[in-house]
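Spelled out, the chains give:
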Amino acid sequence: MIGHELPTVMVVDDEPEVLTAVADALEDEFNVLTSTSPLVARAMLEEDDISPVVIISDQRMPELAGHEFLRWARELSDATRVLITGYTDIDALGAAVNAGQIFGYLPKPWTPEKLRRLIREAAEHCAVRRALAEERRLLSHLMNSVPDAISFKDRNLRYLRSNWAHAEALGVPDPADLIGRTDAEVGAEGAAGREAADRAALAAGITVSDTALDGAAGRRWHSVVRSTFTGGDGAVEGLVTIARDITPAKEAERALSEAHATLERRVAERTEDLAATARDLLAARKAADIANEAKSRYLATVAHELRTPLTGVIGFSELLLKGGVSPGEWHRLLTLQAEAGRTLLGLLDDILDLSKIEAGRLTLEILPLDFRALVDDCLALVRPSAAGKGLSLTSTVSGALPGRILGDPTRLRQVVLNLLTNAVKFTAAGGVSLAAEIDPAPEGPNGGPSRLRVVITDTGIGIPPERVSGLFEEFSQVDESTARRFGGTGLGLAICRRLVEHMEGRIGVDSTPGQGSRFWFDLPLAVPVAAPVVTVAPPPVIEAPAAAGARPKGRRILLVEDDRSTQILVSTILRGVGHQVEIAENGAAAVEAVDKGSYDLVLMDMHMPVMGGLEATARMRALTRTPDRPLPPLVVLTAGVSVEERERCRAVGLDIFLSKPVDLEKLLHAAANVGLPAENGPHD
Ligand code: ADP
């Protein structure tokens, strides 16, 4: 039985007594395996897991010579081999020693003590070799299992060893191919640089560096440690190099520094954005402050402008109420009061117009129109005041202007009339002329349409150059005395500019103080495709009441109105010319009155408590009528109707309008004529 605790010694000798003697001598220290046949022993070595530390063989055996057997044994086992021999075999012994086949020999006759000493040495030798082999195995395992590239070079920088990772990094298939060669001889990438770094390390003892190597897989980074190693005498024998692939770390580092840079850039941008936002906010606030200030200034001006005519209205009323006014004075004060009232109305109209434009609620009603007729209408309106001042009033409209053009007739008339009125107002002698011509379309692919250009020239007081720029702003009278001398609100030109710009046009003025002014505006000229001409209806010209003299004078009129002063005003006027007037306070009362009574005409307010004008009209229409008592004609009496409201009125059949404040002439005309056969109605 083989013990595990003792090392095994195999003994081969054809003489059993020798085997016994050897076993006796060694068995205290070794497991002794014996065989009389070298062939059997060989088979045991081949098959059994015996791993002896020493194999002892006799030289002289019939089957096989001892040195031959040991040569075989060397291939099968790492055991130390010992030959037992007599002096006669000295030649074979010498050959075996020389061939390195045996560790020692034991000449016959031997003593047990001699044998034990030799076998102990041989066992120790085997243990040392085994330990060394194990060490080498572990080292090589270490070398080849680490991912770092490891190499050893001698002082002349020839490779002594290298691991697989190193060979792979150099593009060499096997580390063994490197041994004995320099980098230059291997022809690997970066050889010169590596050799220089090696020499520096040989001189310094140790160096650490990061190097980049560009290969097929792109650039790889290595952290390289080079360290000299010394021999037993302390002299430098060579260099061991360990290179670690740090590409991922380098890439991470680069990504990190890029991220850092990006972050810094973003922070900088964000800071700049914030600063810009702060600047924008400041600017917006400043603009809002300016707008606010402008609005406050505007409101103050509006209040001031309203106060002036109001002072007239109230002041003259108080003067009259005080009494003791002569009839002539009485008439003068009333005339002035009416004038102040009209100024007030004009101002309100202008302010409403402007606010409508500002609020973007201005919608243009583009229709085919006859511009020549429009000019004639406007001239007709200013002719009386021009004639009153002895001014000439002329116009020329280019023959090239088409008979019909497209535009908003109401707004165009407003602009032309405003400029003409101003020209007449600010001219004391000489004349006013209007010229309308066509500016041809500008050359080039984006030339745009040709333009209608209207110029109004006067020989009036002119405008100082420094006032021209603000002229088209609200409340810009050239000086305050102007208003006192000529009247006006200072809003007309502001409205004109906005209207013209709304029509995609431009407006301007050239003026010389003391000589006169040239106001002009132009608009893109558009011509209707094939629509019927809509002749611009002139402003309602109401026949003087005298014209209706032939008509029956006293008519029965129902005035539907909730406002007390309007009730008094309208009824007094109408009764004054012989009409009978009944008053209904609201729509509901009016429906009842019409149901029961019989009227020639109903004057209907729109906005009233209990029931408004629209509903009242609809209900009146629903009443059952008899041929002898038909529904009386209806006239809308209102303080201002929007386009939509007018549409709603028309929908219930109300298409005759009278606006408040009540125009005496128009009221009398309507009262006398509406509903009678030849009357088409005074459209307001
Ligand atoms: P207003 O209702 O006061 O006339 P406008 O806006 O129409 O308001 O005109 C503003 C001011 O421009 C006038 O008060 C006047 O000082 C000046 N102005 C306008 N038209 C003329 C003109 N043809 N000649 C001289 N000054 C003019």
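Refer to the structure presented above.
Here's what I pulled together on the structure shown here. (Residues numbered from 1 in each chain as written. Predicted model: local features only at pLDDT ≥ 70, side-chain atom pairs only at ≥ 80, totals over all residues. Heavy atoms only, no water.)

### Observations concerning the overall build of the protein chain
- Along its length, the protein chain carries 20 helices and 22 strands.
- Expected size for 684 residues packed as a compact globule is a radius of gyration near 26 Å; at 63 Å, the protein chain overshoots this value by more than 25%.
- Seen along its three principal axes, the alpha-carbon backbone of the protein chain occupies a region of about 180 × 70 × 60 Å.
- In the protein chain, buried positions account for 38% of the 684 residues.
- The contacts in the protein chain between residues at least 6 apart in sequence include a share of 62% that link residues at least 24 apart.
- With the model as given, the accessible surface of the protein chain reaches about 37,500 Å², and the carbon-plus-sulfur share is 56%.
- The protein chain carries 73 positive and 96 negative side-chain charges, and their two centres are separated by 11 Å. (Helix = DSSP H or I, 4+ residues; strand = E, 2+ residues; numbered from the N terminus. Rg over C-alpha atoms; globule rule 2.2 N^0.38 Å. Buried < 20%, exposed > 50% of the residue type's maximum accessible area, 1.4 Å probe, protein only. Contact = heavy atoms within 4.5 Å. Areas by Shrake-Rupley, 256 points an atom, 1.4 Å probe, with all protein chains shown as cover. Lys, Arg positive; Asp, Glu negative; His and termini not counted. Charge placed at Lys NZ, Arg CZ, Asp CG, Glu CD.)

### Structural notes on helix 11 (residues 371–388)
- A rise of 1.5 Å per residue sets the reference length of helix 11, with its 18 residues, at 26 Å; its end C-alpha atoms lie 26 Å apart and thus fit the reference within 8%.
- At valine 382, helix 11 shows its maximal bend, which comes to roughly 45°, and the proline proline 384 appears one to four places after that position.
- Against the buried residues of helix 11 lie strand 11 (367–369), strand 12 (392–397), strand 13 (405–407), helix 12 (409–425), strand 14 (431–439) and strand 15 (451–458).
- Capping the start of helix 11, aspartate 370 holds a side-chain oxygen 3.1 Å from the backbone nitrogen of arginine 372, two or three residues further along. (Expected span 1.5 Å × (residues − 1). Bend = angle between axes of the 7 residues up to and from the residue. Polar contact = N/O pair within 3.5 Å; in protein donor to acceptor, adjacent residues only side chain to side chain.)

### So, helix 12
- For helix 12, spanning 17 residues, the distance from its first C-alpha to its last is 23 Å, which sits close to the expected 24 Å at 1.5 Å a residue.
- Buried within helix 12 we find Pro409, Arg411, Leu412, Arg413, Val415, Val416, Leu419, Leu420, Asn422, Ala423 and Val424.
- The residue sitting at the N-terminus of helix 12 and contributing the capping side-chain oxygen is aspartate 408; that oxygen lies 3.1 Å from the backbone nitrogen of threonine 410.

### Brief notes about the packing of helix 1 (residues 16–26) against helix 5 (residues 112–145)
- For the pair helix 1 and helix 5, interaxial distance at closest approach is 9 Å and the crossing angle is 70°. On the basis of their axis angle, the class for helix 1 and helix 5 is roughly perpendicular. Of the two elements, helix 1 crosses helix 5, and the hand of that crossing is right-handed. Of the residues in helix 5, those in contact with Val22, Ala25 and Leu26 of helix 1 are Pro112, Leu115, Arg116 and Ile119.
- Of the residues contributing to the contact of helix 1 with helix 5, the split by class is six nonpolar, no polar and one charged. (Axes fitted to C-alpha atoms, helices over the stretch in contact; angles between N-to-C directions. Parallel < 35°, antiparallel > 145°, perpendicular 65-115°, else oblique. Left-handed = near helix turned anticlockwise from the far one by under 90°. Nonpolar A, V, L, I, M, F, W, Y, C, P; charged D, E, K, R; others polar.)

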